[in-house]
Amino acid sequence: MDSWTAPDLPRLPDTARPPLALYDSARQGVHPATGSGPATTTMTTGSPPATMYVCGITPYDATHLGHAATMITFDLINRFWRDAGRPVRYVQNVTDIDDPLLERAARDGEDWIVLGMRETALFREDMEALRIVPPESYVGAVESIPDIVARVGELLDTGRAYRLADGTGDVYFDLAAAPRFGYESNLDRAEMLRLSADRGGDPDRPGKRDALDPLLWRGARDGEPAWDGGPLGPGRPGWHIECAAIALSLLGDTIDVQGGGNDLLFPHHECSAAHAETLTGQAPFARYYVHAGMIGLHGTKMSKSKGNLVFVSRLRADGVASAAVRLALIADHYRENRQWTDDLLKTAEQRLSRWREAAALAAAPSFTPVLAEVRVALAADLDTPRVLSLIDEWVDAALAAPSTAGWGGAGPEGTGLEGPALLRSTVDALLGLRL
Ligand code: ZN
């Protein structure tokens, strides 16, 4: 599946920088995430690629601010690694067949394929407008079905999955085959059961060996699309095995970062990890399970049932600059569940305007020390509030100084190249903002 056009990534001057440390939900702490290679403090060459898998959208609706915040979070990781000279192998999926897509299509009397294609196209446009570096592979569930069928077949053949005896052809994963289950989310069973029921699972379904056993393959039903499952029979894939299969096939048995919104902590990432680890015998599947916070609207949870989703495309159509949206979404830390408010956007627009004013100065203080501090702040679990305040301080100082005195022509540190121009290339390369 096509992704979207990549933004330019300016090269920045080297400064000493710590390795990226990220909060890992499994270990419940911040740890240096150096990828599969050694930690680096300077630009490296020839280091093994960092691998990242981010769970993408189910395209039944437009990209809302929660999706945008999640994609921006992993874009910051991607950009940090690239700035450090580390190759990145980044894969994202699009769940282009699943219950929510079929339900929405049925509600609106629309063909599910048309709906999925339209919303996926809109998502790409939004990602491009937000200057998100595209994944190396953007992969649909439908195109991955042969791979998923092979994985499910392997689990079934080796007794780690079972077919329900009710004639539906549905195949479930046997959690008894995954003794580590629970390590990723750190939740107790009661909470797992509650979240499973809330988030697309079926803990009450009769015939399962364990209430939490996740669906691997759904046998064909009247009125639902189905694909050839070979020995599995016709049907369609479950969600968790979709991501496990795609990640294993494209990134290898273990990966550096498994990412998504914090609503994917359980059951999705827990089950994907269990599938992957059972198939490969290697654990943990991901060295870092990284989760972005949810975005609420003026104090209430943003949700499709409340009808209060704020869509990126709507904001764009209303003339809101994508850079302001991006800046607003990184004003608070990525792990926080946070609120979208008019004030948040207004503050971001004002900040952007001041940064642009400073970027247009002929001369200003050297930005190089700020670049070094920005890298340190990003390395500390993407501390964007600190990054923004560091840049604000420099911008305030630059704008406060009379342009005819002080730094202008005062040597290499005072030229535009290391002052305003470096501000511009830093926020472009590391934050994805074009001034
Ligand atoms: Zn996923």
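Everything discussed here concerns the structure shown above.
It should be emphasised that the depicted structure is a prediction, and the values quoted were computed from it without experimental measurement. (Residues numbered from 1 in each chain as written. Predicted model: local features only at pLDDT ≥ 70, side-chain atom pairs only at ≥ 80, totals over all residues.)

Colleague: Help me understand the overall build of the protein in this model?
Modeller: Regarding its fold elements, the protein presents 13 helices and 14 strands. Taking 435 residues into account, the globule formula puts the C-alpha radius of gyration at 22 Å, and the protein, at 23 Å, falls close to it. For the protein, the spread of C-alpha atoms along the three principal axes comes to 85 × 50 × 35 Å. Going through the 435 residues of the protein one by one, you find that 46% of them count as buried. (Helix = DSSP H or I, 4+ residues; strand = E, 2+ residues; numbered from the N terminus. Rg over C-alpha atoms; globule rule 2.2 N^0.38 Å. Buried ≥ 20, exposed ≤ 12 C-beta atoms within 10 Å, placed from the backbone.)

Colleague: Please clarify how the environment of D170 should be interpreted in this entry.
Modeller: Locating D170 in the fold gives a position in the loop between β6 (161-163) and β7 (171-173). C-beta crowding within 10 Å serves as the criterion here: with 23 such atoms nearby, D170 is assigned to the buried category. The spatial distance from the C-alpha of D170 to the C-alpha of G219 is 4.9 Å, given a sequence separation of 49 residues. The contact partners of D170, leaving out residues within four places of it in the chain, are L164, L215, W217, R218 and G219. (Contact = placed C-beta atoms within 7 Å.)

Colleague: So what exactly am I meant to see when it comes to helix α4 (residues 145-157) here?
Modeller: Note on helix geometry: an α-helix contains 3.6 residues per turn, so any two residues three or four positions apart are oriented the same way. Helix length check: α4 (13 residues) gives 18 Å between terminal C-alpha atoms against 18 Å at 1.5 Å per residue, within 8%. Within the sequence span of α4, burial applies to I145, I148, V149, R151, V152, L155 and L156. The buried residues of α4 all sit within an arc of 165 degrees when viewed along its axis, so they share a single face. Facing away from the buried surface of α4 by more than 90 degrees, the exposed residues are P146 and D157. Where α4 is buried, its residues meet β6, β7, β8 (215-219), β9 (235-237), α6 (239-251) and α7 (265-280). G159 occupies a position one or two residues after α4 and carries a positive phi of about 75 degrees. (Expected span 1.5 Å × (residues − 1). Arc of directions from axis to C-beta.)

Take it as geometry only, folks, not as evidence of what the structure does.
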